[in-house]
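Structural characterization, general
Spelled out, the chains give:
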Amino acid sequence: MSAARGALLTMQVVESLPTLREHVAGFRNEGARVAFVPTMGNLHAGHLALVEHARSLAERVVVSIYVNPTQFGANEDFGNYPRTLERDCQQLAKAGADLVYTPNDVTMYPLGIENATHVSVPGVSNRLEGKHRPGHFDGVATVVARLFLMVAPDVAVFGRKDYQQVAVIEHMVRDLSLPVAVQSAPTVREADGLAMSSRNQYLSESDRVTAPLLYREISRIATALEGGARDYKALRGEAVATLQDAGFLCDYVAIRNPDTLKKSKKDDTRWVVLAAALLGRARLIDNVSAG
Ligand code: PAF
């Protein structure tokens, strides 16, 4: 039997919460640590890198696939979000996941979305992405809290591409004393620098050629900061102008404190440069750390 087929046979895909809990209890009985990678499916190499990272942290790896309705705005792509379960499971088996959890809406929100208990993280949720996607991080915190309670992992792994999402989840875990260690793994990029994202498939052929400019511009700002530049407004302004000239509609290019995501001060020595922009049908986000 090939290694890939063997992996497919050993990885379990479960939809019900009691079955998930039985499997996780089995892992615990073996004395295994459990690492968890929550996803919305439509997996790419960035997700598989998270699974690989998770495997380095624990003996057993659980991945969830759930397109969470509560984190999408009314005019966003919830209905069109690509759902590719079979291909995702094949990739996860090859990547060495042990268990894939694919809950449905009733399992995730048993009293219905209207009656759902929400988790809302103040402060960090309201900046940057939070301003442009009101309610997004409440949806993320709510579903991640639920998934943590269901899977009960030792450690959970998130991609650093969603920098602010990681900050929101870290805040939630600290504040609710959830017994989960949060780890983030580096952004995986295409050869030309474009951060991997499920939404890159919304790019037209010509927009795909333009798209890496977002990473180039925030990297240029990061290099300038490390070289001593401190005129944040000018740095941001130049990047926005370059991006708009190339056809992007910028939501923001921001230079922030990497811990609080508040605006950087002149005497700061560490920064994160974040950007979000629409290019054709695709809304791209990216970030680079500096200092
Ligand atoms: O990053 C994502 O894919 C989602 O926001 C997450 C963490 C799976 C919650 O739905």
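The following refers to the structure shown. The structure presented is a predicted model; accordingly, all values stated were derived computationally and were not measured. Once a new chain begins, its residue numbering starts again from 1 and follows that chain's sequence as written. Given that this is a predicted model, residues contribute local features only at a pLDDT of at least 70 and side-chain atom pairs are listed and counted only at 80 or more, while totals for whole chains, interfaces and linings are drawn from all residues. Here the side-chain values reflect all heavy atoms present in the structure, with hydrogen atoms and water set aside.

The subject of this paragraph is the packing of helix H2 (residues 17–29) against helix H7 (residues 136–151). Relative to each other, H2 and H7 sit at 55 degrees, their axes nearing to 9 Å. Considering the angle they form, H2 stands oblique to H7. Note on element contacts: H7 touches H2 through Leu149, Met150 and Val151, opposite Leu17, Leu20, Arg21 and Val24. Residue classes follow a fixed rule: Ala, Val, Leu, Ile, Met, Phe, Trp, Tyr, Cys and Pro count as nonpolar, while Asp, Glu, Lys and Arg count as charged, and any other residue, Gly among them, counts as polar. Of the residues belonging to the contact of H2 with H7, the class tally is 6 nonpolar, no polar and 1 charged. Between the N-to-C directions of two axes lies an angle of 0 to 180 degrees, each axis being a line fitted to C-alpha atoms and, for a helix, fitted only over the stretch in contact. The numbering of helices and of strands both runs from the N terminus, where a helix is a DSSP run of H or I of at least 4 residues and a strand a run of E of at least 2. Our angle categories are set so that under 35 degrees counts as roughly parallel, over 145 as roughly antiparallel, 65 to 115 as roughly perpendicular, and the remainder as oblique. Every residue pair with non-hydrogen atoms within 4.5 Å of one another is taken to be in contact.

On to the packing of helix H10 (residues 213–226) against helix H11 (residues 232–245), then. Running from N to C, H10 and H11 cross one another at 160 degrees; their axes reach a closest spacing of 10 Å. Judged by the inter-axis angle, H10 sits roughly antiparallel to H11. The handedness of the crossing between H10 and H11 comes out as right-handed. Contact residues: H10 offers Leu213, Leu214, Glu217, Arg220, Ile221, Ala224 and Leu225, while H11 offers Tyr232, Leu235, Arg236, Glu238, Ala239, Thr242 and Leu243. Here the residues of the contact of H10 with H11 sort into 9 nonpolar, 1 polar and 4 charged. Handedness of a crossing follows from how the near helix is turned relative to the far one, being left-handed for an anticlockwise turn of less than a right angle and right-handed for a clockwise one.

This next bit is on the pairing of strand E2 (residues 34–39). Two faces, one strand: in a regular strand the side chains alternate between the faces of the sheet. When accessible area is computed with a 1.4 Å probe and restricted to protein chains, residues below 20% of their type maximum are described as buried, those above 50% as exposed, and intermediate ones as partly exposed. Most of E2 sits inside the fold, with 6 of its 6 residues counted as buried. Neither face of E2 is left uncovered, since the one carrying Val34, Phe36 and Pro38 and the one carrying Ala35, Val37 and Thr39 both have all their residues buried. Relative to strand E3 (residues 60–65), E2 runs parallel, the two sharing 6 bridges. Paired with Thr39 across the strands is Ile65, a residue of E3. In short, DSSP must find at least two bridges between two strands for them to pair. Taken together, the 2 bridges between E2 and strand E5 (residues 155–159) define a ladder with parallel strand orientation. Residue pairing in the sheet places Ala35 in a bridge with Val155 of E5.

Before going further, it helps to examine the side chain of Lys161. Here Lys161 shows up in the loop between E5 and helix H8 (163–175). Here Asp and Glu are counted as negative and Lys and Arg as positive; His is not counted, and neither are the chain ends. Whenever Lys or Arg places a side-chain nitrogen within 4 Å of a carboxyl oxygen from Asp or Glu, that contact is recorded as a salt bridge. No salt bridge is formed by the buried Lys161. Its closest oppositely charged neighbour is Asp162, at 4.1 Å. When residues no more than four places from it in sequence are discounted, the contact partners of Lys161 are Thr187, Ala195, Met196, Ser197, Ile285 and Asn287.

Our focus in this paragraph is helix H3 (residues 45–57). For an α-helix, the turn length of 3.6 residues means that residues three or four places apart are oriented alike. Take the residue count of a helix, subtract one, and multiply by 1.5 Å to get its expected span. With 13 residues, H3 ought to run about 18 Å at 1.5 Å a step, and its terminal C-alpha atoms sit 19 Å apart, in line with that. Every buried residue belonging to H3 is among Gly46, His47, Leu50, Val51 and Ala54, and all of these are buried. When H3 is viewed along its axis, its buried side chains cluster within an angular range of 150 degrees and face the same direction. Away from its buried face by more than 90 degrees, H3 exposes Glu52 and Ser56. Where H3 is buried, its residues meet E2, E3, helix H4 (85–95), E5 and strand E6 (181–185). The directions from the helix axis to the C-beta atoms form the arc being described.

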